[in-house]
Amino acid sequence: MFTPTKRTQWREDLQHLRKDHGFSKKVLLNCCLVRRIITWASPKPKDSVEDELELSAVRHRPEGLEQLEAQTRFSRKELQILYRGFKNECPSGVVNEETFKDIYAQFFPQGDASTYAHFLFNAFDTDHNGSVSFEDFVMGLSILLRGSVQEKLNWAFNLYDINKDGYITKEEMLDIMKAIYDMMGKCTYPVLKEETPRQHVEVFFQKMDKNKDGVVTIDEFIDCCQNDENIMRSMHLFENVL
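Residues numbered from 1 in each chain as written. Predicted model: local features only at pLDDT ≥ 70, side-chain atom pairs only at ≥ 80, totals over all residues. Heavy atoms only, no water.

As annotated in an unreviewed UniProt entry, the protein carries the name Kv channel-interacting protein 4 and comes from Seriola lalandi dorsalis. A UniProt comment under Sequence similarities (unreviewed entry) is attached to the protein, and it reads "Belongs to the recoverin family." (UniProt positions renumbered as here; feature names shortened; annotations may be inferred.)

Student: Can you walk me through the overall build of the protein in this structure?
Tutor: Looking only at helices and strands, the protein has 14 helices and 4 strands in total. When burial is assessed residue by residue, the protein has 43% of its 242 residues classed as buried. Split by element, the accessible area of the protein, about 12600 Å² in all, is 52% carbon and sulfur. (Helix = DSSP H or I, 4+ residues; strand = E, 2+ residues; numbered from the N terminus. Buried < 20%, exposed > 50% of the residue type's maximum accessible area, 1.4 Å probe, protein only. Areas by Shrake-Rupley, 256 points an atom, 1.4 Å probe, with all protein chains shown as cover.)

Student: What am I meant to see in the confidence of the model for the protein here?
Tutor: Detailed conclusions should not be drawn from predicted coordinates in areas where pLDDT is low. Confidence in the prediction for the protein averages 75 pLDDT; 66% of positions are at 70 or higher. Counting interchain partners and residues more than four positions distant, the pLDDT-below-50 stretch residues 20–30 has 25 contacts. In this model, residues 44–63 is a region of pLDDT below 50 whose contacts with residues beyond four sequence positions or in other chains number 26 contacts. (pLDDT = per-residue confidence, 0-100. Contact = heavy atoms within 4.5 Å.)

Student: Looking at this structure, how should I read the UniProt feature "domain: EF-hand" (unreviewed entry) in the protein?
Tutor: Sequence positions flagged by UniProt for "domain: EF-hand" (unreviewed entry) are, in local numbering, residues 112–147, 148–183 and 196–231. Note that residues 112–147 is 67% helix and 6% strand, and that its end C-alpha atoms are spaced 29 Å apart.

Student: Where do I start with the layout of surface pockets in this structure?
Tutor: Think of a ball as big as a water molecule: rolled over the atoms, this probe shows where empty space is left. Volume-wise, the largest pocket comes out at about 290 Å³. For the largest pocket, the lining is made up of 17 residues, of which Thr-126, Met-139, Gly-140, Ile-143 and Trp-155 are closest to its centre. If you list the elements that add at least two residues to the lining of the largest pocket, you get α5 (62–71), α8 (114–124), α9 (134–146) and α10 (149–160). Per-element tally for the lining of the largest pocket: the top contributor is α9, with 6 residues. Its residues assigned to classes, the lining of the largest pocket comprises 6 nonpolar, 7 polar and 4 charged. Both of domain 1 (64–147) and domain 2 (150–241) provide at least three residues apiece to the lining of the largest pocket. (1 Å grid on protein atoms, 1.4 Å probe; cavity = no way out; pocket = protein on both sides within 12 Å on 5 of 7 lines; lining within 4 Å. Points joined across faces, edges and corners; volume = space filled by probe spheres on them. Nonpolar A, V, L, I, M, F, W, Y, C, P; charged D, E, K, R; others polar. Domains from an automatic or database assignment.)

Student: Looking at this structure, how should I read the state of the cysteines?
Tutor: In protein chemistry, a disulfide is the covalent bond that joins the sulfur atoms of two cysteines. Tallying each qualifying case throughout the model produces 0 disulfides. Free cysteine Cys-225: the closest other cysteine sulfur is in Cys-224, separated by 5.9 Å. Cys-225 sits in the buried class, given a relative accessible area of 0%. (Disulfide = S-S within 2.5 Å.)

Student: Please explain the side chain of Glu-78 as it appears in this structure.
Tutor: Considering the arrangement of structural elements, one finds Glu-78 in helix α6 (residues 76–89). At 2.6 Å, the side chain of Glu-78 forms a polar contact with the side chain of Arg-146. (Polar contact = N/O pair within 3.5 Å; in protein donor to acceptor, adjacent residues only side chain to side chain.)

Student: Which parts of the structure should I look at to understand the nonpolar core?
Tutor: One recurring pattern in soluble globular proteins is that nonpolar side chains are buried together. Formed by 53 residues in total, the largest nonpolar core has its most connected members in Phe-100, Tyr-104, Leu-120, Phe-124, Met-173, Met-208 and Phe-221. Each of domain 1 (64–147) and domain 2 (150–241) gives at least three residues to this core. (Core = buried A, V, L, I, M, F, W, Y, C linked by side-chain atoms within 4.5 Å.)

Student: I would appreciate a short explanation of the side chain of Asp-209 in the present structure.
Tutor: Relative to the helices and strands, Asp-209 resides in the loop between α12 (196–208) and β4 (215–216). Lys-212 provides the closest opposite charge to the buried, unpaired Asp-209, separated from it by 5.9 Å. Polar contacts involving the side chain of Asp-209 include one to the main-chain amide nitrogen of Asp-213, which spans 3.2 Å. (Lys, Arg positive; Asp, Glu negative; His and termini not counted. Salt bridge = Lys/Arg side-chain N within 4 Å of Asp/Glu carboxyl O.)

Student: Teacher, can you tell me more about the pattern of salt bridges here?
Tutor: In a structure, side chains of opposite charge can pair up when their charged atoms sit close to one another. Evaluation of the coordinates by the stated rule reveals 6 salt bridges. A salt bridge links Glu-151 to Arg-73; its shortest N-O distance comes to 3.1 Å. Of this pair, Glu-151 sits in helix α10 while Arg-73 sits in the loop between α5 and α6, and the two are 78 residues apart along the sequence. Given the relative accessible area of 41%, Arg-73 is considered partly exposed.

Okay, here's the thing in structure tokens:
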């Protein structure tokens, strides 16, 4: 059972996580996954002894934490808090696709978030085994929240490359864009016309597919995005629905 002192300490830890470690108010407002994790990690008066022991186990696994510290841009304290939230929601240690769909259905009730959640889950599921481990999760979050432009664009390419064959087709890009607009529902202003996603994709694809072979490679994707301010601004659309 968490005592008042321990609950107070957890609140302080979460405040430091927001203030001092890069989880700004803007990020928390935009990133559904981080907001959900923070909610999961928040201590409750009736937290069980098992929860407390779980956290203690994390604190006494320095090899695992040290490895994740080296592989991500999160501190040890951040990893402990994120792990606590992850395990509270997913005692098995892995997240399945239905959990992703549940998160996005709650944050975007005005639209249909299931398709976008499916694509996003596949981007986090780096092993392609139908589940996302804590390691997969924090590696992805580290890139999305604190990665370089190059790293974020690599991650974005992986998201758009739905079948993971190393190329983005016009159909794949359109599928992602439609999924985002479907999820946003009626929240966009002015309200988007049905053909808007296809029009946007046509413009993007013409610029990215430099050799006109019908597919976009990762080099074409990164080069075009980095050298086109309009595309870079548009690419933030998917970041704002993470």
